[in-house]
Amino acid sequence: MKPGHIILGAALVGAGALTPLWLPFGPVGGIALLALMRICWLEDNIVSDLFGRDRLPTGYRNTAALRRLFLMRWFGIWSEESRAEQSAHLMATAMRAEVQIWGTLLLGLAATLTATAAPFGPWVNGGLGLGLFVLALLRADRLAVTLAHCDAGRALPDHLLLPRSRRILAERKR
């Protein structure tokens, strides 16, 4: 694991925690809603399309090819096929990293909102906010592990990719 992975996780927790202090409540709620929708969409893709498959589905390969074409046409950047495009498990690992990034940011944001705006009194609000902040830091630690796997070009083991309950659900769908 590289030090940059840990610093990135801590920066995401910090950015999430400071966002409610910098922005009004409306945009913060919009950011949180968009992050939650992205997490749900990625989780559904991991469970429904990628988990338990050897080959990457055709739709994912076509989308990656179109993305490379877009980058070439608009920015003049020619990118080669990434390692994540070679297997469904590597793509699921990359998506898990994005889920953890959004989750870390969202938990940091929730920690500050809870500590500053929850209706339970200052001591309880502070305790709940601190608990959420610790959860955000634990999520950042998991993110560092996932990023280390992505950098090495390895897929996450199944128990780190999906919790047991979602693994059972994914296997039952097939």
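This is a predicted model, so every value here is computed, not measured.

Visitor: It is not clear to me how the layout of surface pockets should be interpreted in this structure. Could you clarify?
Guide: The rolling of a water-molecule-sized probe over the atoms marks out the regions of remaining empty space. Put simply, the largest pocket is a space of about 400 Å³. Of all the elements in the fold, those that place two or more residues in the lining of the largest pocket are α2 (25-50), α3 (58-75) and α4 (88-117). Ranked by the residues each element gives to the lining of the largest pocket, the list is headed by α3, at seven residues. Approximately 260 Å³ is the volume found for the second largest pocket. Those elements that place two or more of their residues in the lining of the second largest pocket are α2, α4, α5 (122-152) and α6 (158-161).

Visitor: Explain the nonpolar core to me, please; I cannot follow it from the model alone.
Guide: In globular proteins that are soluble, nonpolar side chains generally tend to be buried together. Ranked by internal contacts, the top residues of the largest apolar core, which has 21 residues, are Leu-50, Leu-56, Tyr-60, Met-91 and Met-95. Those elements that place two or more of their residues in this core are α2 and α4. Of all the elements, α2 adds the most residues to this core, at eight residues.

Visitor: Would you mind showing me how to read the packing of α2 against α4 here?
Guide: At a closest axis distance of 9 Å, the pairing of α2 and α4 adopts a crossing angle of 155 degrees. What the angle tells us is that α2 and α4 run roughly antiparallel. In the packing of α2 onto α4, the handedness of the crossing is left-handed. Two secondary-structure elements touch here, α2 through Phe-25, Val-28, Ala-32, Ala-35, Leu-36, Arg-38, Ile-39, Leu-42, Glu-43, Asn-45, Ile-46 and Leu-50 and α4 through Ala-88, Met-91, Ala-92, Met-95, Arg-96, Glu-98, Val-99, Trp-102, Gly-103, Leu-106, Leu-109 and Leu-113. Classifying every residue of the contact of α2 with α4 by side-chain character gives 18 nonpolar, two polar and four charged.

Visitor: Explanation requested: the environment of Asp-141 in the structure shown.
Guide: One can find Asp-141 in helix α5. A residue is classified by how much of its surface remains accessible, and Asp-141, at 43% relative accessible area, is partly exposed. In sequence terms Asp-141 and Cys-40 are 101 residues apart; their C-alpha atoms lie 21 Å from each other.

Visitor: Just checking my understanding: could you explain the confidence of the model for the chain for this structure?
Guide: When pLDDT is low, close inspection of the predicted coordinates is not appropriate. With 94% of its residues at a pLDDT of at least 70, the chain reaches an overall mean of 86. Put simply, helix α7 (residues 164-173) is where the chain has its lowest mean pLDDT, 68, and α5 is where it has its highest, 92.

Visitor: Teacher, can you tell me more about α5 here?
Guide: In an α-helix there are 3.6 residues to a turn, and that puts residues three or four apart on one side. Here α5 is 31 residues long and its end C-alpha atoms lie 45 Å apart, about the 45 Å a rise of 1.5 Å per residue gives. Buried within α5 are the following residues: Asn-125, Gly-129, Ala-136, Ala-140, Leu-143, Ala-144, Thr-146, Leu-147, Ala-148 and His-149. Those residues of α5 hidden inside the fold are in contact with α1 (3-22) and α4. Two residues or fewer after α5 comes Gly-153, characterised by a positive phi angle close to 75 degrees.

Reading the values: the criteria
- Residues numbered from 1 in each chain as written.
- Predicted model: local features only at pLDDT ≥ 70, side-chain atom pairs only at ≥ 80, totals over all residues.
- Heavy atoms only, no water.
- 1 Å grid on protein atoms, 1.4 Å probe; cavity = no way out; pocket = protein on both sides within 12 Å on 5 of 7 lines; lining within 4 Å.
- Points joined across faces, edges and corners; volume = space filled by probe spheres on them.
- Helix = DSSP H or I, 4+ residues; strand = E, 2+ residues; numbered from the N terminus.
- Core = buried A, V, L, I, M, F, W, Y, C linked by side-chain atoms within 4.5 Å.
- Buried < 20%, exposed > 50% of the residue type's maximum accessible area, 1.4 Å probe, protein only.
- Axes fitted to C-alpha atoms, helices over the stretch in contact; angles between N-to-C directions.
- Parallel < 35°, antiparallel > 145°, perpendicular 65-115°, else oblique.
- Left-handed = near helix turned anticlockwise from the far one by under 90°.
- Contact = heavy atoms within 4.5 Å.
- Nonpolar A, V, L, I, M, F, W, Y, C, P; charged D, E, K, R; others polar.
- pLDDT = per-residue confidence, 0-100.
- Expected span 1.5 Å × (residues − 1).

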